[in-house]
Amino acid sequence: MKRILAVLILSLCAAAPARADTTLTFYYPIAVGGPLTKVIDGYARQFESENPGIRVNPIYAGNYDDARIKALAALKAGQSAPLSVLFSIDLYELLEQDAILAWDEVAASADDKAWLKAFYPALMLNGQYKGKTYGIPFQRSTIVLYWNKDAFKEAGLDPDKAPATWNEMVQMGRKLVKKDAQGNIVRWGVEVPSTGYAYWMFQAFARENGQDLMNRDGNRTNYAHPDVIAALQYWRDLGAKYKVMPEGTVEWGTLRQAFTEGKTAMMWHTTGNLTAVRDTAKFPFGVAMLPASKQRGSPTGGGNFYLFKKTTPEERKAALAFVKWMTAPERAADWSMATGYVATRPDAYATPKLKEYAAGFPQAIVARDQFQYATPELSTFQTGRVRKLLDDAIQASLTGQKQPAEALKAAQAEAERLLKPYR
Amino acid sequence: MKHVYGWLLLTPAAILLIGFTHYPAAATLLDSFFSTGTALRPPRFVGLDNYAALAADPVFRQVLGNNFWFALGTIPTAIALALLMALWVNRRLPARALVRMAYFTPTVLPMIAVANLWLYFYTPQIGLLDKLGALFGAGSHNWLGDPHLVLPATMLMVVWKEAGFFMIFYLAALQSLPPELEEAGRIEGASRWYFFRRVTFPLLMPTTLFVLVNATINSFKLVDHLFILTKGGPDNASSLLLYYIYQVAFSFFDTAYAATLTVVLLVLLAALAIAQFLLIERRVHYR
């Protein structure tokens with residue numbers, strides 16, 4: 001009897017590992033200990049309790065660049081994580097490394113296929129290549145105009161009306177510039193950052209002037225179109241000619257503080273700053289779509305979920321389940337409220353939670369309304385180089401080192417050379 | 001038998017040195033003759049193509065030029081300042097320990113923290129510099145957004161950061177100078193400047209050489225601040241060679257070209273070190 005019991009116990013022990021948990025490791029681009037780690041950890045625990053058999057192990061990997069470097073290094077070392085949130089514009093780089101798998105290949109059921117179509121089309125553009133979907137939108141942002149209502153009142157403008165066109169922005173900007181007794185400027189009309197993500201901001205100007213900067217296959221750029229050159233000329237003129245913006249480049253990292261301290265009456269910035277501005281600004285502020293030249297326009301930005309090729313069928317299944325759960329309407333709504341990122345799908349805005357939130361804080365839904373004018377973020381093959389060419393051309397123009405036409409034509413010629421092998 | 005014993009003792013150090021210094025250097029040199037491989041296009045031998053690309057690369061020329069001015073601007077200033085501070089705190093001062101510590105503080109801070117501090121010094125309007133300027137009626141300056149100001153602005157920060165570190169070496173050297181020399185000098189009626197020029201400074205030459213070599217290496221090695229302050233901009237005006245290597249390797253993923261740039265950096269540093277030792281060694285008096 002004892003013997004039989006022992007055998008039974010042994011066989012139970014042996015059987016246990018057979019239905020072992022699938023561990024789902026994923027890289028997430030944020031510094032360890034940042035406030036969002038708590039939110040992500042909370043989601044992971046909640047998912048685990050609802051889906052026994054899958055363990056989720058988020059690895060916080062720094063900023064987007066760090067996360068990409070770590071994910072690719074792990075891939076080269078043969079121990080890639082099955083899943084990653086990486087920059088939406090890393091798509092071509094990951095394709096060229098043959099690292100990722102299209103979600104279409106794992107999303108087999110009708111329900112899964114419907115899920116792939118549930119997101120805002122504007123957010124899918126950066127994640128698709130040749131008709132297949134590689135990136136599922138997760139933490140996505142766009143550029144909006146923030147304005148200081150007190151400053152508008154002081155300048156005799158309607159505090160509830162943001163500029164709707166480029167001309168209006170200049171006219172209002174001129175009224176908003178404030179000088180002290182010595183003639184030194186103490187408040188600028190508008191500031192657009194040009195150090196960190198100059199190409200991204202410029203995409204908005206170009207789109208508003210009717211142009212996209214690259215094609216859908218990621219192998220052609222459109223830097224030297226006359227309307228693109230005119231867009232850069234306008235950006236430069238804001239500082240050099242109309243004197244409503246500081247000359248030279250404007251630092252991305254400190255601009256939010258300049259705005260919340262009232263040193264500029266308007267700023268263009270990512271929606272990712274919304275929560276932080278709300279928490280620090282001591283004055284009422286508004287959020288509006290970016291002003292139009294020929295049309296409205298703003299690029300999308302942010303991070304997508306990617307599925308890696310070196311994965312077992314179980315890992316793929318677990319990854320699909322997890323990403324579907326993470327992007328479900330309730331989660332998308334919750335995530336948007338916690339961070340200021342836009343909710344990635346229309347039905348998230350129909351959830352009671354987000355409806356109520358938007359009623360009390362209407363600034364939160366401007367980004368959604370702007371989606372109809374959105375363009376995907378600049379992303380091509382050789383994306384790092386092609387992007388930096390544009391960054392350098394923009395900065396050379398804004399600092400007066402080169403004329404916009406000259407700088408953009410040179411950048412276009414160099415981008416042509418880089419992209420030719422990919423056609 | 002003795003030989004074996006000797007080699008055994010050397011092995012741990014040799015493994016580390018070969019694994020982390022010599023092998024990577026050799027592999028870098030080798031990589032610079034190949035194209036960058038991806039999963040779809042494996043690397044192939046391209047001879048000197050990468051070096052030809054380097055010669056034609058305007059950004060490379062610019063960052064090399066920037067690095068030259070950066071070295072020229074920071075090394076002599078930091079050394080002179082360090083010597084001055086060391087002479088100052090070597091005397092009997094009230095609260096001498098406190099003054100020494102104050103001079104040394106910037107050294108203890110991590111470069112990233114320093115850069116974040118200085119980012120707010122330099123920020124137009126809300127920054128410390130502009131606020132101080134405003135007290136005297138000066139207008140706002142876009143310190144980091146102007147291609148002519150940005151490199152000097154970063155140089156100033158690096159001098160501030162480094163001078164205190166070099167001061168410690170000078171201070172140690174000054175304290176090891178025998179006091180009899182000064183007494184003898186005073187009896188002979190030498191002025192303080194004459195004594196410094198003919199006695200103190202020559203005796204400090206070994207320290208100066210050491211500091212000079214370190215400062216030179218640092219002027220190529222210290223790029224942490226660029227990540228925070230400028231990201232090399234505007235239009236590469238503040239970019240330095242090592243930062244450009246980082247961009248090429250980890251933003252462009254062009255590892256072959258990054259290897260080529262690294263070879264240039266290694267050759268440059270080796271040449272500088274050799275030149276310093278050969279030229280200045282003759283003027284150094286070791287005791």
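Criteria and cut-off values
Along each chain, residue indices are assigned from 1 in the same order as the chain's sequence is written. Chain letters and ligand numbers both follow the written order, the letters beginning at A and the numbers at 1. Since the coordinates come from a predicted model, pLDDT governs what is reported: local features require at least 70, and pairs of side-chain atoms require 80 or more to be given and counted, while whole-chain, interface and lining totals use all residues. The helix and strand labels rest on DSSP assignments: H or I over at least four residues marks a helix, E over at least two residues marks a strand, and numbering proceeds from the N terminus. Burial in this document is a count-based property: other C-beta atoms within 10 Å of a residue's C-beta are tallied, and the residue is buried at 20 or more, exposed at 12 or fewer, or partly exposed in between, with C-beta positions derived from the backbone. Residues are treated as contacting if the C-beta atoms built from their backbones sit within 7 Å of each other. Note: domain ranges come from an automatic or database domain assignment. Under the grouping applied here, Gly and all other residues not named as nonpolar or charged are polar, the nonpolar ones being Ala, Val, Leu, Ile, Met, Phe, Trp, Tyr, Cys and Pro and the charged ones Asp, Glu, Lys and Arg. Only buried residues count toward a nonpolar core: Ala, Val, Leu, Ile, Met, Phe, Trp, Tyr and Cys, linked into one set through C-beta atoms within 7 Å. For two strands to pair, DSSP has to find at least two bridges joining them. Residue-level confidence of the predictor is what pLDDT reports, using numbers from 0 through 100. Axes, fitted as lines to C-alpha atoms, cover a helix only where it is in contact. Angles between the N-to-C directions of the axes lie from 0 to 180 degrees. For classification purposes, an angle smaller than 35 degrees is called roughly parallel, one larger than 145 roughly antiparallel, one from 65 to 115 roughly perpendicular, and anything else oblique. Each helix crossing is assigned a hand: it is left-handed if the near helix lies turned anticlockwise from the far helix by less than a right angle, otherwise right-handed if that turn is clockwise.

A. Examining the overall build of chain A more closely. Across its full length, chain A carries 19 helices and 13 strands. Seen through its principal axes, chain A has C-alpha atoms that stretch 100 × 50 × 35 Å. Going through the 423 residues of chain A one by one, you find that 47% of them count as buried. Relative to all contacts within chain A whose residues are 6 or more apart in sequence, the contacts with residues 24 or more apart total 73%.

B. Highlighting the overall build of chain B. The number of helices and strands found in chain B is 13 helices and zero strands. Principal-axis analysis of the C-alpha atoms gives chain B an extent of 80 × 75 × 30 Å. When each of the 287 residues of chain B is scored for burial, the buried share is 31%.

C. Structural detail: the domain arrangement of chain A. All names here are of chain A. What the domain assignment lists for chain A is domain 1 (19–140 + 301–375) and domain 2 (142–300 + 377–422). In this structure, domain 1 and domain 2 have C-alpha centres spaced 28 Å apart. Residue-level contacts link 25 residues of domain 1 with 29 residues of domain 2. Grouping the amino acids of the side of domain 1 that touches domain 2 by side-chain chemistry returns 12 nonpolar, nine polar and four charged.

D. Fine view of the environment of tyrosine 27 of chain A. Residues and elements named next belong to chain A. The residue tyrosine 27 is located in strand β1 (residues 22–28) in this model. Once the C-alpha coordinates of tyrosine 27 and valine 85 are considered, the two residues, 58 residues apart in sequence, prove to be 6.0 Å apart. Filtering out sequence-adjacent residues up to four positions away, tyrosine 27 remains in contact with Ile59, Ala61, Ala67, Lys70, Ala71, Ala81, Ser84 and Val85.

E. Summary view of the nonpolar core. Within the largest apolar cluster, 111 residues are counted, with the highest numbers of intra-cluster contacts made by Val144, Tyr146, Val190 and Phe202 of chain A. Ranked by the residues each element gives to this core, the list is headed by helix α9 (residues 198–208) of chain A, at eight residues. For this core, the two domains that each supply at least three residues are domain 1 (19–140 + 301–375) and domain 2 (142–300 + 377–422) of chain A. In this view, tyrosine 146 of chain A contacts Phe259, Met266, Met267, His269, Val277, Phe285 and Val287 of chain A; residues no more than four positions away in its chain are not counted. Counting residues in each nonpolar core, the second largest holds 52 residues, with Phe60, Phe70, Phe166 and Val223 of chain B among its members.

F. Structural context of the pairing of strand β11 (residues 285–288) of chain A. Residues and elements named next belong to chain A. Burial along β11 is one-sided: the face carrying Phe285 and Val287 is buried and the face carrying Gly286 and Ala288 is not. The sheet contact formed by strand β7 (residues 136–148) and β11 spans four bridges and is antiparallel. Paired with asparagine 148 across the bridge in β11 is phenylalanine 285.

G. Spotlight on the interface of chain B and chain A. Each side of the interface is counted separately: chain B has 26 residues, and chain A has 31 residues. Class assignment of the residues belonging to the side of chain B that touches chain A gives a composition of 11 nonpolar, 12 polar and three charged.

H. Quick look at the environment of leucine 204 of chain B. All names here are of chain B. Topologically, leucine 204 is positioned in the loop between α9 (192–203) and α10 (205–221). For leucine 204, a count of 22 C-beta atoms within 10 Å gives the class buried. Separated by 27 residues in the primary sequence, leucine 204 and leucine 177 have C-alpha atoms spaced 8.8 Å apart. The residues touching leucine 204, leaving out its near neighbours within four places in the chain, are Tyr170 and Ala173.

I. Structural view of unusual backbone geometry. For aspartate 98 of chain A, which is not glycine, the phi torsion reads 55 degrees and is therefore positive. You can see aspartate 98 of chain A is positioned in the loop between α4 (91–96) and β4 (100–101). The backbone of lysine 231 of chain B shows a phi angle near 55 degrees, a positive value even though the residue is not glycine. Structurally, the position occupied by lysine 231 of chain B is in the loop between α11 (224–229) and α12 (241–251). According to the C-beta neighbour criterion, lysine 231 of chain B is buried, with 21 such atoms within 10 Å.

J. Focus on the confidence of the model for chain B. Residues and elements named next belong to chain B. Across chain B, the average pLDDT comes to 88, with 98% of residues at 70 or higher. When mean pLDDT is taken per element in chain B, helix α3 (residues 58–89) scores highest with 93 and helix α6 (residues 128–135) scores lowest with 85. For this predicted complex, the interface confidence reaches an ipTM of 0.81, while the overall pTM sits at 0.85.

K. Representation of the environment of tyrosine 357 of chain A in the model. Residue and element names in this part refer to chain A. Note that tyrosine 357 resides in helix α16 (residues 352–360). By C-beta crowding, tyrosine 357 is classed as partly exposed, having 18 other C-beta atoms within 10 Å. Along the sequence, tyrosine 357 and valine 287 sit 70 residues apart, while their C-alpha atoms lie 15 Å from each other. The residues contacting tyrosine 357, other than those within four sequence positions of it, are Met337 and Ala364.

L. Here's a closer look at the pairing of strand β3 (residues 83–87) of chain A. Residue and element names in this part refer to chain A. Counting buried positions over the five residues of β3 gives five, a clear majority of the element. Across two bridges, β1 lies against β3 in parallel orientation. Bridged to tyrosine 27 within β3 is serine 84. Strand direction decides the pairing type here: β3 and strand β12 (residues 298–308), joined by five bridges, are antiparallel. Paired with serine 84 across the two strands is tyrosine 306, which belongs to β12.

M. Spatial organisation of the packing of helix α10 (residues 226–240) of chain A against helix α19 (residues 404–419) of chain A. All names here are of chain A. Remark: α10 packs on α19, axes separated minimally by 9 Å, with the N-to-C direction vectors making an angle of 130 degrees. In terms of orientation, α10 lies oblique with respect to α19. For the element pair α10 and α19, the recorded crossing hand is right-handed. Packed against α10, whose contacting residues are Val228, Ile229, Leu232, Gln233 and Arg236, the element α19 presents Pro404, Ala405 and Leu408 at the interface.

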